[in-house]
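What the coordinates show
Read off the chains here:
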Amino acid sequence: MDYLLRILPPLLDGAGVTLGLFVLTLALSLPLGLALALARLSRLAALRGAVSGFIWLMRGTPLMLQLLFVYYALPFVPVVGVRLPDYPSAVVAFTLNYAAYFAEILRAGIQSIDRGQYEGAKALGMSHAQTMRRIVMPQVWRISLPPLANETITLVKDTSIIYVLALNDLLRAARGIVQRDFSITPFVVAAAFYLLTTLVLTWVFQRLERHHAEHDA
Amino acid sequence: MPSMTPDAATPMVKATDVHKHFGALHVLRGVSLTVARGEVVAVLGPSGSGKSTLLRCLNHLETIERGCIEIAGKTLAHPDATGLARYPSESEARRICQHTGMVFQHFNLFPHLTVLQNLIEAPMTVRKRARAEVVPLAEALLAQVGLADKRDAWPARLSGGQKQRVAIARALAMQPDILLFDEPTSALDPELTAEVLRTMRQLAEQRMTMLVVTHEMAFAREVAHRVVFMDQGRIVEDRPAADFFAAPRHERARAFLASLA
């Protein structure tokens, strides 16, 4: 028990890094993903093509490679070359990667809405923007919640790869203590923390789904 | 705005020599149709004759290539120097089409909104009217279609007939000058069809202008003032309903009526 109390502060610091990256990535990649989904369905072929290419790139290469690229290689890329500190690098890489996945989920959701919904709204005089905001997107959210929940839970655990930038997230903090103390207790604590986070997320998404399922007779 | 009601002499719909293609298919081949205020017109004809397409062109769900469409005296589409149909800006077209309301075969209710919310959504977002002002109107319309008790129900909980009556009330909540019905009972059992037709009959008695694409001959015979019979993208008969049913002139119309008898 004493030991647990002793290792808890550094583990909690690590958990803070993990949770911070998770929350920032989610907050940034969801709106970006929505924008990408809408661009992917745009009437402009060039925009559609560019977004498809971006999604291919993000889903077709390992997240860890993207992370390393943003941190080490981006400074040497002409025009966009910027040197980002480690934590912002991680936020950028995770946001771009997850936005690509969210975009595909939301695109499928938008395309699943019946044409009759658009026509019903148009016949009532609603503009395209009003139709999307008031009629289509609320239904898209509901359809997309389960796959979005899936990705979100994956994100919690994916954050652990930021150790490659020597960032002290929960898992890296735990591993440090394991190597120092020859005890696996820090791993157990870390696992418990990930499980707790996932439990909370599952509960939140269940609430959201139930809230939206009300109208499904 | 539809509240600025056009005078009684202005036709609610005036379509002149309308042409429309779907790819290589020439679905409307020079259709002309006028609907006066307070008139109930039934559009009959075999499937594929262009009835629904005509209706959908009148409220801008489809665009025409040639011809002219006026709604309540305002020009939705008119030919330019080369004869091709020109439309005003999207927002202006939307404003003109607010004179029309539409009832669809598959209802197209918004499943994430309650019955009441379905009715007040467009008056609030499009007309920018206050909720407190719209709710009493919506409740009165629900009472009129006999669904006052379904005010807070979800559409998925309703029968097909109830859904269609909500859809009619929803269209009426925008206070249109003409209601377009696109096969409103084709997705319904006979029993449910009867309750929807009852509602439509009431509207006709209140002098609502209605253009109804339907296969319900009894409705066309008893409620419509005029029958328009379409075949292969053309209007081949346009006569008072009583005359049409007594003795259809056109060969296709005779065959059509015989096939239903």
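Residues numbered from 1 in each chain as written. Chains lettered and ligands numbered in written order. Predicted model: local features only at pLDDT ≥ 70, side-chain atom pairs only at ≥ 80, totals over all residues. Heavy atoms only, no water.

1. Digging into the sheet that holds strand 6 (residues 85-86) of chain B
Residue and element names in this part refer to chain B. The line we're drawing: Think of it this way: DSSP has to see at least two bridges between two strands before they count as a pair. We count a stretch as a helix when DSSP gives it H or I for four or more residues in a row; a strand needs E for two or more, and each element gets its number in order from the N terminus. Whether two residues are in contact is decided by their heavy atoms: any pair within 4.5 Å suffices. Here an axis means a line fitted to C-alpha atoms, over the contact stretch when the element is a helix, while the angle between two N-to-C directions is reported on a 0 to 180 degree scale.
Taken in spatial order, the five strands line up as 2-1-4-5-6 in an open sheet, and their pairing is antiparallel. The open sheet has two free edges, formed respectively by strand 2 (25-35) and strand 6, since each of these has just one partner strand. Along the sheet, helix 1 (residues 51-58) makes contact with strand 1 (13-22), strand 2, strand 4 (66-71) and strand 5 (74-79), crossing strand 2 at roughly 65°. Strand contacts of helix 2 (residues 90-97): strand 4 and strand 5, with the helix running at about 125° to strand 5, the strand carrying the most contacts.

2. A look at the confidence of the model for chain B
Here is the rule: Per residue, pLDDT measures the predictor's confidence, with a range of 0 to 100.
Averaged over chain B, the pLDDT score is 92; the fraction of residues at 70 or greater is 97%. Interface predicted TM-score (ipTM) for the complex: 0.92; the corresponding pTM is 0.88.

3. Some points on the pattern of salt bridges
All names here are of chain B. Here is the rule: By definition, a salt bridge exists where a carboxyl oxygen of Asp or Glu is found within 4 Å of a side-chain nitrogen of Lys or Arg. Per-residue accessibility, obtained with a 1.4 Å probe over protein chains only, is compared with the maximum for each type, and a residue is labelled buried under 20%, exposed over 50%, and partly exposed between these values.
Scanning the entire structure with this criterion turns up 23 salt bridges over all chains. Across the pair E139 and R151 runs a salt bridge, and its minimum N-O distance is 2.6 Å. Here R151 lies in the loop between helix 4 (131-144) and helix 5 (160-173) and E139 lies in helix 4, a separation of 12 residues in the sequence. What makes E139 partly exposed here is its relative accessible area of 31%. Measuring nitrogen to oxygen at the nearest pair gives 3.2 Å for the salt bridge that ties E222 to R201.

4. Describing a nonpolar patch on the surface
Operational definition: A patch is a set of surface residues, each over 30% in relative accessible area and not in a salt bridge, joined within 9 Å for like charges and within 5 Å for the nonpolar side chains Val, Leu, Ile, Met, Phe, Trp and Tyr. Throughout, the Shrake-Rupley method with a 1.4 Å probe supplies accessible areas, and for residues the shown protein chains are the sole cover considered.
On the surface, a cluster of nonpolar side chains totalling about 570 Å² of accessible area is made up of A:L196, A:L199, A:V200, A:W203, A:V204 and A:L208. Among the structural elements, A:V204 can be located in helix 8 (residues 185-213).

5. Observations regarding the side chain of B:T114
Residues and elements named next belong to chain B. For T114, the position within the fold is in the loop between strand 7 (100-103) and helix 3 (115-125). Looking at T114, the relative accessible area reads 10%, which means it is buried. Among all residues touching T114, those that are not within four sequence positions of it are R151, D152, A153, W154 and P155.

6. So, helix 4 of chain B
All names here are of chain B. What counts is decided by this rule: Here the expected span of a helix is defined as 1.5 Å times the quantity of residues minus one. Here the arc refers to the directions that run from the helix axis out to each C-beta atom.
With 14 residues, helix 4 should cover 20 Å at 1.5 Å per step; its first-to-last C-alpha distance of 20 Å lies within 8% of that length. Here helix 4 has its buried residues at V134, V135, A138, L141 and L142. Down the axis of helix 4, the buried set is contained in an arc of 130°. They therefore lie on one face. Within two residues after helix 4, G146 carries a phi angle of roughly 75°, on the positive side.

7. A short note on the nonpolar core
The cut-off we apply is this: The nonpolar core is taken to be a set of buried Ala, Val, Leu, Ile, Met, Phe, Trp, Tyr and Cys residues, with the residues joined through side-chain atoms within 4.5 Å.
Ranked by size, the top nonpolar core spans 51 residues in total, and within it B:L44, B:I168, B:L179, B:F181, B:M200 and B:M210 carry the most contacts. Among the elements that take part in this core, helix 5 of chain B stands out by supplying seven residues, more than any other. The next biggest cluster of nonpolar side chains, apart from the first, holds 41 residues, and it includes A:M132, A:M137, A:L167 and A:Y194.

8. Some remarks on the interface of chain A and chain B
The accessible area lost on association of the parts is a frequent measure of interface size. Threshold: By buried area we mean the combined loss of accessible area, with a 1.4 Å probe, across both parts when two parts are placed together. Here a polar contact is taken to be a pair of N or O atoms separated by no more than 3.5 Å, where protein atoms must pair a possible hydrogen donor with a possible acceptor and residues adjacent in sequence count only if both atoms sit in side chains. Following the grouping adopted for this structure description, the nonpolar residues are Ala, Val, Leu, Ile, Met, Phe, Trp, Tyr, Cys and Pro, the charged ones are Asp, Glu, Lys and Arg, and the polar ones are all others, Gly among them.
Across the boundary between the two partners, chain A contributes 21 residues, which contact 27 residues of chain B. The junction of chain A with chain B conceals about 2,100 Å² of combined surface from both sides, 60% of it contributed by carbon and sulfur atoms. Counting the contacts that link chain A with chain B gives three salt bridges. B:E90 serves as the salt-bridge partner of A:K122, at 4.0 Å between the closest nitrogen and oxygen. There are eight residue pairs in polar contact (both at pLDDT 80 or more) connecting chain A and chain B. Elements with a contribution of two residues or more to the side of chain A that touches chain B: helix 5 (115-123) and helix 6 (128-158) of chain A. Here the side of chain A that touches chain B is composed, by residue class, of seven nonpolar, eight polar and six charged.

9. Overview of helix 1 (residues 2-40) of chain A
For the record, the criterion: Bend, in this description, refers to the angle at a residue between axes fitted to the seven residues ending there and the seven starting there.
Given a rise of 1.5 Å per residue, 39 residues ought to cover 57 Å, and the 55 Å separating the end C-alpha atoms of helix 1 of chain A matches this to within 8%. The sharpest bend along helix 1 of chain A comes to roughly 40°, located at A:L8, with the proline A:P9 sitting one to four residues further on.

10. Focus: the packing of aromatic side chains
Using the following cut-off: Put simply, two rings from Phe, Tyr or Trp (the six-membered ring, in Trp's case) pair if the centres are within 6.5 Å, and we call them stacked under 30 degrees between planes, edge-to-face over 60, tilted for the rest. A ring has a charge above it when a Lys NZ or an Arg CZ is no more than 6 Å from the ring centre and no more than 35 degrees off the ring normal.
Scanning all chains against the criterion turns up seven aromatic pairs over all chains. Measuring from centroid to centroid gives 4.7 Å for A:Y71 and A:Y72, while their planes differ by 80°, and the two rings are edge-to-face. For A:Y71, a relative accessible area of 24% gives the class partly exposed. Both rings, one in B:F229 and one in B:F244, keep their centres 6.0 Å apart while their planes meet at 25°; by these two values the pair is stacked. Note that B:F229 is positioned in strand 10 (residues 226-231) and B:F244 in helix 8 (residues 241-246), a separation of 15 residues in sequence. When sorted by exposure, B:F229 lands in the same class as B:F244, which is buried. Put simply, the rings of B:F229, B:F244, B:F245 and B:F256 pair up and form one aromatic cluster. Positioned over the ring face of A:Y163 is A:R175, at 5.4 Å from the centre of the ring.

11. Quick word on the packing of helix 1 of chain A against helix 6 of chain A
All names here are of chain A. Note the cut-off: The cut-offs work like this: below 35 degrees is roughly parallel, past 145 is roughly antiparallel, 65 to 115 is roughly perpendicular, and the gaps in between are oblique. Handedness of a helix crossing follows the sense of rotation of the near helix relative to the far helix, less than a right angle counterclockwise being left-handed and clockwise being right-handed.
In contact at an axis separation of 12 Å, helix 1 and helix 6 are set at 140° when each is read in the N-to-C sense. In this view, helix 1 runs oblique relative to helix 6, as classed from their interaxial angle. Note that helix 1 runs across helix 6; the crossing there is right-handed. Contacts between helix 1 and helix 6 involve T18, F22, T25, L26, L30, L34 and L38 from the first element and M132, M137, W141, L148, T152, L155 and V156 from the second. Its residues placed into classes, the contact of helix 1 with helix 6 shows 11 nonpolar, three polar and no charged.

12. Some details on unusual backbone geometry
The backbone phi angle of A:F182 is positive, close to 50°, even though this residue is not glycine. Along the polypeptide, A:F182 turns up in the loop between helix 7 (170-181) and helix 8. Under the relative-accessibility criterion, A:F182 is labelled exposed at 79%. The residue B:R207 is not glycine, and still its phi comes out positive at about 70°. Along the chain, B:R207 turns up in the loop between helix 6 (190-205) and strand 9 (209-213).

13. Digging into the sheet that holds strand 3 (residues 40-44) of chain B
Two modes of strand pairing occur in sheets, parallel and antiparallel, and in both the strands are linked by backbone hydrogen bonds. Residue and element names in this part refer to chain B. The six strands are arranged 7-8-9-3-10-11 in an open sheet whose pairing can be described as mixed. Only two strands of the sheet have a single partner each, and these edge strands are strand 7 and strand 11 (234-240). Across the sheet, the axes of successive neighbouring strands diverge by a mean angle of 15°, strand direction being ignored. In this structure, strand 3 lies alongside strand 9, joined through four bridges in parallel fashion. The residue bridging V43 from the neighbouring strand is V213, located in strand 9.

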